[in-house]
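Breakdown of the fold
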Amino acid sequence: MNPQFIADGLVAGAMIGLGAIGVTLTYSILRFSNFAHGEFISWGAYATLLTAGLIGYLAPSSNEGYGPFSVGWGVLVAGLIAMVLTGLLAVLLDRLLFRRLRRKGASITVVMASFGASMALRALLEFLFTSSPRYFSRDLQIAVPVVPGIRVTPDQMALLGMTVTLALAVHLILTQTHMGRSMRAVSENPALARVLGIDIDHVIHITWLLGGALACASGVMLGLVVQIRPYMGFDMLLPLFASAILGGIGSVPGAIIGALVVGVSEAATVQLIGAEWRAAVAFLLLIAVLLIRPSGLFGKRV
Amino acid sequence: MKTTVLRVENLVAGYEPGLPILNGASIHVNAGEIATVLGPNGAGKSTLIKAIAGLVPKVSGQVCLGDRDITDVPAHRMIGNGLAFVPQTENVFATMTVDDNLRLAAGVMRSKSALVRVDELYGFFPDLARQRRLLAGRLSGGQRQMLAVARALIVSPTVLMLDEPSAGLSPKLVEIVFQKLLEIRATGISILLVEQNVRAALGIADRATIMVEGRNAHEGAAATLADDPIVASLYLGASKARLPATEARP
Ligand SMILES: Nc1ncnc2c1ncn2[C@@H]1O[C@H](COP(=O)(O)OP(=O)(O)OP(=O)(O)O)[C@@H](O)[C@H]1O
Ligand SMILES: [Mg+2]
């Protein structure tokens, strides 16, 4: 078979991975499956589109493709701003909705509320931007061969590099900083964390901020290599959860590796069987993990 | 006259509204002493210490640390006020290394001196220094207890509260842990010790309070309580002695 599927799978896996980190973090700290996480991907992409448009209005040259890439520095700066905005959106959603329900107890209510929030956020995007797709750039990119049989576009290479950088940054935050240690502590034993003087509400805010920002980065990448549309994040939901669970919920390296497995399996399936089977792959992997090894590849507890 | 560093008055508290576990508990800890709270299973000792720490909702009553009212201070601010707490179970982060457990506590203080304190404590607990890279979950019971105590000391508290540090330890280990508590007292830190192990606790404590059904039933100097018939009936006798909660005070 043509080895191209490996490159395509890794690129898809990188985008899934950034989203899956957020899923795994919110799950391990709040014990909550957030089905609205996909919307942060979509909202992040649209926020970047709008911000890039604004920057392009102020500095027209910002939108010209930089070097071999299809977009200019405007999208990069817009993406960074939108990461903050999406993080704040996640914090806001928690303050307005999830936190209130969490305090009332029943965790299933919070999960259902995330379904509702997901629908509302998506409908709002459709209302604001219609369902027709948007693009950061219409430039066609020429894929260059990296190894025999595998071609990658400059955009895709940049995205892979950024994913590695972001994943490493999150890993360093979690293992080397006080906030990271606090997050791991809250995830293991919230009551003991409070006894030690850790402000749980603060830790929860940072978790949402981080998860939202990474989802935005994932959305920008998806927008660059595919397109921007209101359903883009929702369609990622199954791969996101499959990756987080495959990697072992709570594990950041696990989420990335899980995502790469899902991405490459999807690409292989598309090549071997047909594109209409892509969506089934994440689902089958999810079922297989839950049956064979529910704690995932790197999971400590379920 | 001795100064009181921790004073709890008429505390009513419980896990669920309308179901108080503590029914007016009053205890105090004097500066530089080890005060112990004893009582049968389910008497509410852990609930008392958790309520003081801000982990169990209080209905009424007052908790003062020095002359500060800390009744309504949230749990995560207690450390900043000088009150440290070692819970009865799950008192270390098992998935983190010994070193990360201590650094976590030091990080809360947001000062360089806290990190110096980590090294000081390694000096005070040499066993932990040797195992700093080990996951806390892999420590033996005694070392785990030592880690929990060391972590509570990072912040140099005025009062250290411990919930059954002897639980699950062999008599020899209990002796080692309690010896450490005496050394800690010698550094000027006052201790509130909740215990089931009556003999060991009375052996190191200056003063003891006995709790029954959510209130303190009996109080006295540790040395005299050790020979007290009421204590004997509670802990050594066969009958389920019930103390009249109010009259029993000497
Ligand atoms: N988390 C909880 N939620 C509801 N009730 C609880 C909880 N923890 C303890 N209780 C109840 O509170 C009462 C007092 O328990 P507590 O743990 O304070 O007793 P204790 O004196 O510490 O006992 P032990 O010596 O066994 O540790 C018991 O009836 C117990 O069932
Ligand atoms: Mg107890």
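Calculation criteria
Residues numbered from 1 in each chain as written. Chains lettered and ligands numbered in written order. Predicted model: local features only at pLDDT ≥ 70, side-chain atom pairs only at ≥ 80, totals over all residues. Heavy atoms only, no water. Helix = DSSP H or I, 4+ residues; strand = E, 2+ residues; numbered from the N terminus. Rg over C-alpha atoms; globule rule 2.2 N^0.38 Å. Buried < 20%, exposed > 50% of the residue type's maximum accessible area, 1.4 Å probe, protein only. Areas by Shrake-Rupley, 256 points an atom, 1.4 Å probe, with all protein chains shown as cover. Lys, Arg positive; Asp, Glu negative; His and termini not counted. Charge placed at Lys NZ, Arg CZ, Asp CG, Glu CD. Contact = heavy atoms within 4.5 Å. Buried area = accessible area lost by both parts, 1.4 Å probe. Salt bridge = Lys/Arg side-chain N within 4 Å of Asp/Glu carboxyl O. Polar contact = N/O pair within 3.5 Å; in protein donor to acceptor, adjacent residues only side chain to side chain. Nonpolar A, V, L, I, M, F, W, Y, C, P; charged D, E, K, R; others polar. Pairing = 2+ DSSP bridges. Near = heavy atom within 4 Å. Axes fitted to C-alpha atoms, helices over the stretch in contact; angles between N-to-C directions. Donors = N, O, S within 2.8 Å, 3.2 Å for Na, K, Ca; no water. Patch = residues over 30% accessible without salt bridge, like charges linked within 9 Å, V, L, I, M, F, W, Y side chains within 5 Å. Parallel < 35°, antiparallel > 145°, perpendicular 65-115°, else oblique. Domains from an automatic or database assignment. pLDDT = per-residue confidence, 0-100.

Next up on the list: the overall build of chain B. Scanning chain B from N- to C-terminus turns up 10 helices and 10 strands. Compactness check: chain B gives a C-alpha radius of gyration of 18 Å against a globular reference of 18 Å for 250 residues, within 12% of the reference. For chain B, the spread of C-alpha atoms along the principal axes amounts to about 50 × 40 × 40 Å. The buried share of chain B, taken over its 250 residues, is 54%. Total accessible area on chain B is roughly 11400 Å²; 52% of this is exposed by carbon and sulfur atoms. Where the 26 positive side-chain charges of chain B centre and where its 23 negative ones centre are 5 Å apart.

What follows is about the overall build of chain A. The secondary structure content of chain A amounts to 11 helices and two strands. The helix and strand sequence of chain A, counted from the amino end, reads α-α-α-α-β-β-α-α-α-α-α-α-α. Expressed as lengths along the three principal axes of its C-alpha atoms, the size of chain A is roughly 55 × 50 × 40 Å. Across the 302 residues in chain A, those meeting the buried criterion constitute 51%. Long-range contacts, defined here as pairs at least 24 residues apart, represent 75% of the contacts in chain A between residues at least 6 apart. By element, 70% of the accessible surface of chain A is carried by carbon and sulfur atoms, the whole surface being about 13500 Å². Computing the positive centroid from 19 side-chain charges and the negative centroid from 13, chain A places the two 11 Å apart.

The interface of chain B with chain A comprises 21 residues on the first partner and 18 residues on the second. Roughly 1900 Å² is buried in total at the junction of chain B and chain A, and carbon and sulfur atoms are behind 63% of that figure. Scanning the region where chain B abuts chain A turns up two salt bridges. With a closest N to O distance of 3.2 Å, Asp 100 of chain B and Arg 184 of chain A form a salt bridge. At the junction of chain B and chain A, the tally comes to five residue pairs in polar contact (both at pLDDT 80 or more). A per-element tally of the side of chain B that touches chain A places helix 3 (residues 98-108) of chain B first, with six residues. Of the residues contributing to the side of chain B that touches chain A, the split by class is 12 nonpolar, five polar and four charged.

Let's shift gears to the pairing of strand 6 (residues 83-86) of chain B. On a regular strand, one side chain projects to one face of the sheet and the next to the other, so that they alternate. Residue and element names in this part refer to chain B. Alternating positions in strand 6 separate into two faces, Leu 83 and Phe 85 on one and Ala 84 and Val 86 on the other, with burial throughout. Sheet topology note: the strand 6/strand 7 (residues 159-163) ladder contains four bridges and is parallel. Bridge pairing in strand 7 places Ala 84 opposite Leu 160.

Turning next to the site of ligand 1. All names here are of chain B. Taken together, 13 residues surround ligand 1, and among them Asn 41, Lys 45, Ser 46, Thr 47 and Gln 196 come closest. Side-chain polar atom of Gln 196 to an oxygen atom of ligand 1: 2.4 Å apart, as the coordinates give it. Along the lines of polarity and charge, the residues of the shell around ligand 1 split into four nonpolar, seven polar and two charged.

All names here are of chain B. On the basis of which strands lie adjacent, the open sheet formed by six strands has the order 6-7-8-3-9-10 and mixed pairing. Both outer strands of the open sheet, strand 6 and strand 10 (215-221), are each paired with one neighbouring strand and no more. Strand after strand, the sheet turns through a mean of 20° between neighbouring axes, direction not considered. In the packing of helix 6 (residues 141-153) onto the sheet, contacts are made with strand 6 and strand 7, and the angle to strand 6 comes to roughly 170°. Its contacts with the sheet place helix 7 (residues 171-186) against strand 3 (34-38), strand 7 and strand 8 (190-195), and it is angled at close to 155° to strand 8.

This part covers the sheet that holds strand 4 (residues 58-65) of chain B. Residue and element names in this part refer to chain B. Strand order in the open sheet formed by four strands is 2-1-4-5, and the pairing between neighbours is antiparallel. Two strands close off the open sheet at either side, each with one partner strand: strand 2 (22-30) and strand 5 (68-69). The sheet contact formed by strand 1 (residues 4-13) and strand 2 spans seven bridges and is antiparallel. Bridge pairing links Ala 13 to Leu 22 in strand 2.

For the magnesium ion (ligand 2), the full set of protein donor atoms is Ser 46 of chain B (OG) and Gln 88 of chain B (OE1), at a range of 1.9 to 2.3 Å. Linking Ser 46 of chain B in helix 1 (residues 45-53) with Gln 88 of chain B in the loop between strand 6 and helix 3, this pair joins segments that are 42 residues apart in sequence.

A word on a nonpolar patch on the surface. A cluster of nonpolar side chains, Trp 73, Val 77, Ile 81, Val 84, Leu 85, Leu 88 and Leu 209 of chain A, forms an exposed patch at the surface whose accessible area comes to about 580 Å². Ranked by the residues each element gives to the nonpolar patch, the list is headed by helix 3 (residues 73-104) of chain A, at six residues.

On to the packing of helix 5 (residues 154-176) of chain A against helix 6 (residues 178-188) of chain A. Residues and elements named next belong to chain A. Direction vectors running N to C along helix 5 and helix 6 enclose 80°, while the axes themselves pass 5 Å from each other. Judged by the inter-axis angle, helix 5 sits roughly perpendicular to helix 6. Contact residues: Ile 173, Leu 174, Thr 175 and Gln 176 in helix 5; His 178, Gly 180, Arg 181, Met 183 and Arg 184 in helix 6. Here the contact of helix 5 with helix 6 is composed, by residue class, of three nonpolar, four polar and two charged.

All names here are of chain B. Examined at the domain level, chain B breaks down into domain 1 (1-82 + 158-250) and domain 2 (92-156). The interface of domain 1 with domain 2 comprises 13 residues on the first partner and 12 residues on the second. If you look at where domain 1 meets domain 2, you find zero salt bridges. Contributions of two or more residues to the side of domain 1 that touches domain 2 are made by strand 7 and helix 7.

All names here are of chain B. In the predicted model, chain B carries a mean pLDDT of 88, and the fraction of residues at 70 or more is 92%. Across chain B, the secondary-structure element scoring lowest on mean pLDDT is helix 10 (residues 229-235), at 69, and the one scoring highest is strand 7, at 97. The model gives residues 236-250 a pLDDT under 50, and that stretch makes 19 contacts with residues more than four places away or in other chains. Here the prediction assigns the complex a pTM of 0.89, and the interface score ipTM is 0.88.

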